[in-house]
Each structure stands twice: as structure tokens, then as C-alpha cells.
Amino acid sequence: MGNELGKSLGVVGIIGAGTMGNGIAQACAVAGLPVVMVDVSDAAVAKGLATISASLDRLVKKEKITEAGKAAALGLIKGSTAYDDLRAAHIVIEAATENYELKLKILRQVDALVAPEVILASNTSSISITKLAAATSRADRFIGMHFFNPVPMMALVEIIRGLQTSDATHDAVKALAEKLGKSPITVKNAPGFVVNRILVPMINEAFFVLAEGLATAEDIDAGMKLGCNQPIGPLALADMIGLDVCLAVMDVYLAEFGDSKYRACPLLKEMVAAGRLGRKTGRGVYSY
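I will try to describe carefully the structure that is included in this document. What you are looking at is a predicted structure, and each value in this text was computed from that prediction instead of being measured.

Considerations on the pattern of salt bridges
As a working rule, side chains carrying opposite charge can pair if their charged atoms are close by. All told, the structure shown has 10 salt bridges when counted by the stated rule. Close ionic contact of arginine 141 with aspartate 140 constitutes a salt bridge, the shortest N to O distance being 2.8 Å. A relative accessible area of 22% places arginine 141 in the partly exposed class. Taken together, the salt bridges that share partners define one network made up of Glu94, Glu98 and Lys103.

A few points about the sheet that holds strand β1 (residues 12-15)
Spatially, β3-β2-β1-β4-β5-β6-β7-β8 is the arrangement adopted by the eight strands of the open sheet, whose pairing is mixed. Because the sheet does not close on itself, it has two edges, and the strands there are β3 (77-80) and β8 (183-188). When the angles between neighbouring strand axes are averaged without regard to direction, this sheet yields 25°. Summarising the sheet, strand β6 (residues 142-147) and strand β7 (residues 156-161) pair through four bridges and their orientation is antiparallel.

Structural notes on the pairing of β8
Relative to β8, β7 runs parallel, the two being bridged by six bridges. Counted as the bridge partner of leucine 156 is serine 183 from β8. Read from β7 through helix α7 (residues 167-179) to β8, the crossover connection turns out right-handed.

A word on a nonpolar patch on the surface
On the surface, a cluster of nonpolar side chains totalling about 240 Å² of accessible area is made up of Ile185, Val194 and Ile198. In this structure valine 194 comes out as partly exposed when scored by relative accessible area, which is 34%.

Concerning the state of the cysteines
The full count for this structure, using the stated rule, is zero disulfides. The cysteine cysteine 228 is free of any disulfide, with cysteine 246 supplying the nearest cysteine sulfur at 18 Å. You can see cysteine 265 has no disulfide; the closest cysteine sulfur is in cysteine 246, sitting 12 Å from it.

Details of the nonpolar core
Generally speaking, nonpolar side chains in soluble globular proteins are found buried as a group. Of all hydrophobic cores here, the largest spans 33 residues; its most connected members are Val12, Ile24, Ile93, Met145, Phe147 and Leu176. Here this core gets six residues from one element, more than from any other, and that element is helix α2 (residues 19-30). Here methionine 145 is in contact with Ile93, Ala121, Ser122, Asn123, Val157, Glu158, Val173, Leu176 and Ala177, once residues within four sequence places are set aside.

Criteria and thresholds
- Residues numbered from 1 in each chain as written.
- Predicted model: local features only at pLDDT ≥ 70, side-chain atom pairs only at ≥ 80, totals over all residues.
- Heavy atoms only, no water.
- Salt bridge = Lys/Arg side-chain N within 4 Å of Asp/Glu carboxyl O.
- Buried < 20%, exposed > 50% of the residue type's maximum accessible area, 1.4 Å probe, protein only.
- Pairing = 2+ DSSP bridges.
- Helix = DSSP H or I, 4+ residues; strand = E, 2+ residues; numbered from the N terminus.
- Axes fitted to C-alpha atoms, helices over the stretch in contact; angles between N-to-C directions.
- Right-handed = clockwise from strand over helix to strand, strands pointing away.
- Patch = residues over 30% accessible without salt bridge, like charges linked within 9 Å, V, L, I, M, F, W, Y side chains within 5 Å.
- Areas by Shrake-Rupley, 256 points an atom, 1.4 Å probe, with all protein chains shown as cover.
- Disulfide = S-S within 2.5 Å.
- Core = buried A, V, L, I, M, F, W, Y, C linked by side-chain atoms within 4.5 Å.
- Contact = heavy atoms within 4.5 Å.

Put into C-alpha cells, the structure is as follows:
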């Protein structure tokens, strides 16, 4: 499969030029794959391209790539507002906002547009791949490709198989992830997949520990960093992710699994209600 990748997954279509979309586009272009990155407005596309350019500049400074390498990568990315430009793609990765109705609308539109053999992938972090696949005419060629932020730096890609995903689709997408220099893990479809299923309840537990006054936020984070070798403590990480996002994820787990162990910590709910959502609002567990 490896040698045929250029032929079988020649052009990568990406829907969404935001944080995840432009990160995926950059990873593909640096790996030598041509990219078509589509978003709703010229402004969104321009912002995505500017972000990629700035990110590549940082890599040049760190001597990870050359100026020629940067120019070559940028030359492989075509920004567009026209879905029609996705017709050239061999695989289309949807990286739009985490909203079921929106993703459904986009995927149906693309499904009707691209050739039957084209693989559709979603970068969702929480929506059922099986459910999204069922809404398309190519459920066997539908898969989850969950990249982690920041995409150019993070080695992990969760490849999520829906109930209908074929082996050939899985193998092609795994080969693509490896071509991007990523380390893929294969996961069955279930809420939160693997990483977030373990990570977010851990963050929630850190809020229970904080609420019980067992230790200060700083000491909880220091304990997890020094005792579990984590680069950032769970409470600081919650501020980075957004407390509202953490709460929403816990609520999904509780609803989907029906298990009380996924009950959101009342302190987390209180802080979200107060609008203390973390870095993006200037205040969460910590002040920024």
C-alpha cells in the first residue's frame, strides 16, 4: 500500500480552515501531498493559509524544514470556498466545528459531489462515526481520523472504525497517517474513543479533588506532573481545553453510557455557569 499511496490518496481534500483543518493541511503538504482546503468564506481561507505560513516559519527558525521546504509545502495547498474543487480529492477529511447537524450537512453535500471510491473521513472528537457513516451513500468508505491539537506537533491520530468501515478503508487511512509521520492507533466507535474517554474523566476527578479541598490547584497539578510525568497538570489542561468543553464531554458520556461515574463535578458546573471557562475568558481554575 505504501508505494501506491501517491496514486491511491493523491489529493487530500480538507473541509475547514480553522485550527484543526489548517493543521491537517500543513501536515499533508509537508509530507508532499497536494491539498485542497475549503471553508465558507475567503476570510476564513486566508486566515487558515496565514496560520500555516506562520507555523512553517517557526519550523524554519527551528531548522526543522528549509525555506525551500516551506515554499514547496505552501505551493501544494490550494485554498478555496468552492466545494466543487473537492472533486479532485482522493480522500476528504471533514474538520468543521464539532456540531452534529453541521457535519451531517457538509458530509451529505460532499458525498453527493465526489466519486464513489473517494474515502470520507471526519476529524470529530465526540460524534459517532457509525451514525455519520449511515447518513452517507458510502458507509464502508467512511472513517474517523481524530487528529490532536496542535496537529503539526502531535504524533497521535485515532483512526475510528464505524460498524460499517471496510478493512481497505482502514488500511488506506492508516497508511495516510503514517505518510504524515503520525503514529496511528485503531479504535472502535464509542463515545470519546480512547484518549478523551480516559482524559476527561481524569480532569473531572481533579475538580472533585479540588472541590473537596484536598490540595490547592497548583499542588494537584504539580502532583500529576511530577508523579505521572504529565507535561501539564489536569486543571491547567482543563483551562486550555475550555471548562465548557470538558463539561459538555462529561454530559455526553453520562447520557450515552448511563453510568454515574461520568457525573460532572458540581464545581466544574459552577465555574462554567460563572463564565470562568479558562484561558479563552481570561479566568478558569487559574487567572490569565
